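Summary of structural features
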Amino acid sequence: MKYTIATLASHSCLQILKGAKDEGFSTLAIATPKKNSFYQRFSFIDEVLTIPTYQDLYNIQNNLKKRNVIIIPHGSFVAYLGNDYDNKLKLLHYGNKKVLSWEGDRLKQREWLEKAGIRLPKLYKNPEDIDRLVIVKFYGALGGSGYFVAKNKNDFAKKIEKINIKEFIIQEYIIGIPIYLQFFYSPLSKQVELLGVDRRYETNVDGLGRLPHKFQEDLDLEPSYTVAGNFPIVIRESLLPEAYNMAESVIKTSQKIIPPRGLYGPFCIETIVTNDLEFYVMEISCRIVAGTNLFSQGSTYSDYHFDKPMSTGRRIAREIKEALEIGGLAEILN
Ligand code: AMP
Ligand code: AMP
């Protein structure tokens, strides 16, 4: 049977479909009218299907089902299709949808990571307990937009009053550098692979550092964390064993709390590394992250696992191909 790999035209669509084409699949981008002409530019996309809004995907599912479309989710699925897309989407879907409820709820995610023995920033349930610099985060994959930093509980009270958002978490602000570890876990080979490492380029926190201190003071600006791009990183080799250990532990724990399959496919452990070279985990993303777009030609790290340039997008397509060869497609689709 012939399968077509498809995704929504945004986020990491180019990487996913280029990788699918490199592995020999037909490719389909599902676009809104505004995006159509941009995605038409790329010869590795066999078809750009235009629908009025992303939500209209639900209305064309029967048609796509007949075409043996396999949907690869990415970071804009929840933003464009809604929180409940896991229930509404009836197409062949790569990845374990049951992971979404654990990932999407910050407190459940924390429980998962704690069970896995991961080092986490302190969490403040009660704002009264704030005793150091904290970062306040909102729910949903908004790419860091709207976060704010508070010096103490009074500063927090002043800032939260100005915003009309009820669902947030207060985390200890870790002084260090952000490092995002991009992994892939294959239930076929039972191996974890590190495919790349990046950091985000965030406005305005990365822009503020370009101004001399006296201007920063005069402007009285708050740092904000809206991601606009990403940088590649190689980390000290001595940090790699811990990186792999964390990933394996997260996978093993997921198989216990989300049995039987747990988390598989691409995921990203988002960390801050401190002066003592300790990883603090801020968050885990359980699908392809946009930082993988850096490595459409593979990375230093994917090179240690594969003799071909291996992007995360291509790795997903290869996994599907290998599953098809051994008749195990049901193992990896949901
Ligand atoms: P876009 O297609 O650029 O509008 O992005 C769709 C969703 O993915 C939004 O929720 C973004 O915040 C998120 N996103 C896009 N690019 C990145 C990135 N480089 N890092 C993290 N999140 C991203
Ligand atoms: P996130 O959406 O959780 O990946 O966070 C977005 C950005 O906020 C990160 O890239 C960091 O720059 C910053 N950040 C998040 N959590 C923390 C933390 N606990 N300590 C320091 N910086 C953080």
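Residues numbered from 1 in each chain as written. Chains lettered and ligands numbered in written order. Predicted model: local features only at pLDDT ≥ 70, side-chain atom pairs only at ≥ 80, totals over all residues. Heavy atoms only, no water.

1. A short note on the sheet that holds strand E9 (residues 168-172)
Strand order in the open sheet formed by four strands is E6-E9-E7-E8, with antiparallel pairing between adjacent strands. The sheet is open, and its two borders are formed by strand E6 (123-124) and strand E8 (148-150), each paired with just one other strand. In this sheet, E8 lies alongside strand E7 (residues 134-138) in antiparallel orientation, the contact comprising three bridges. Along E8, the bridge assignment pairs valine 136 with phenylalanine 148. The strands that helix H8 (residues 153-161) touches are E7, E8 and E9; relative to E8, the one it contacts most, it runs at about 150°. (Pairing = 2+ DSSP bridges. Helix = DSSP H or I, 4+ residues; strand = E, 2+ residues; numbered from the N terminus. Contact = heavy atoms within 4.5 Å. Axes fitted to C-alpha atoms, helices over the stretch in contact; angles between N-to-C directions.)

2. Focus on the state of the cysteines
Following the criterion strictly, the structure yields zero disulfides and no others. Of the cysteine sulfurs around cysteine 13, a residue in no disulfide, the closest is that of cysteine 268, at 20 Å. When its relative accessible area of 1% is taken as the criterion, cysteine 13 is described as buried. Distance from the sulfur of cysteine 286, which forms no disulfide, to the nearest cysteine sulfur (cysteine 268) is 9.8 Å. (Disulfide = S-S within 2.5 Å. Buried < 20%, exposed > 50% of the residue type's maximum accessible area, 1.4 Å probe, protein only.)

3. Observations regarding the site of ligand 2
In the vicinity of ligand 2, 16 residues are found, and the nearest of them are Tyr147, Tyr180, Glu202, Glu270 and Glu283. One of the side-chain nitrogen or oxygen atoms of lysine 137 is found 2.9 Å away from an oxygen atom of ligand 2. Calculation on ligand 2 without its partners gives an accessible area of 480 Å², and the protein chains cover 97% of this total. Broken down by secondary-structure element, the contributors of at least two residues to the shell around ligand 2 are E7, E9, strand E11 (191-204), strand E13 (265-273) and strand E14 (279-285). Class assignment for the residues of the shell around ligand 2 results in nine nonpolar, one polar and six charged. Among the domains, domain 2 (102-118 + 176-200 + 230-331) and domain 3 (123-172) are the pair contributing at least three residues each to the shell around ligand 2. (Near = heavy atom within 4 Å. Polar contact = N/O pair within 3.5 Å; in protein donor to acceptor, adjacent residues only side chain to side chain. Areas by Shrake-Rupley, 256 points an atom, 1.4 Å probe, with all protein chains shown as cover. Nonpolar A, V, L, I, M, F, W, Y, C, P; charged D, E, K, R; others polar. Domains from an automatic or database assignment.)

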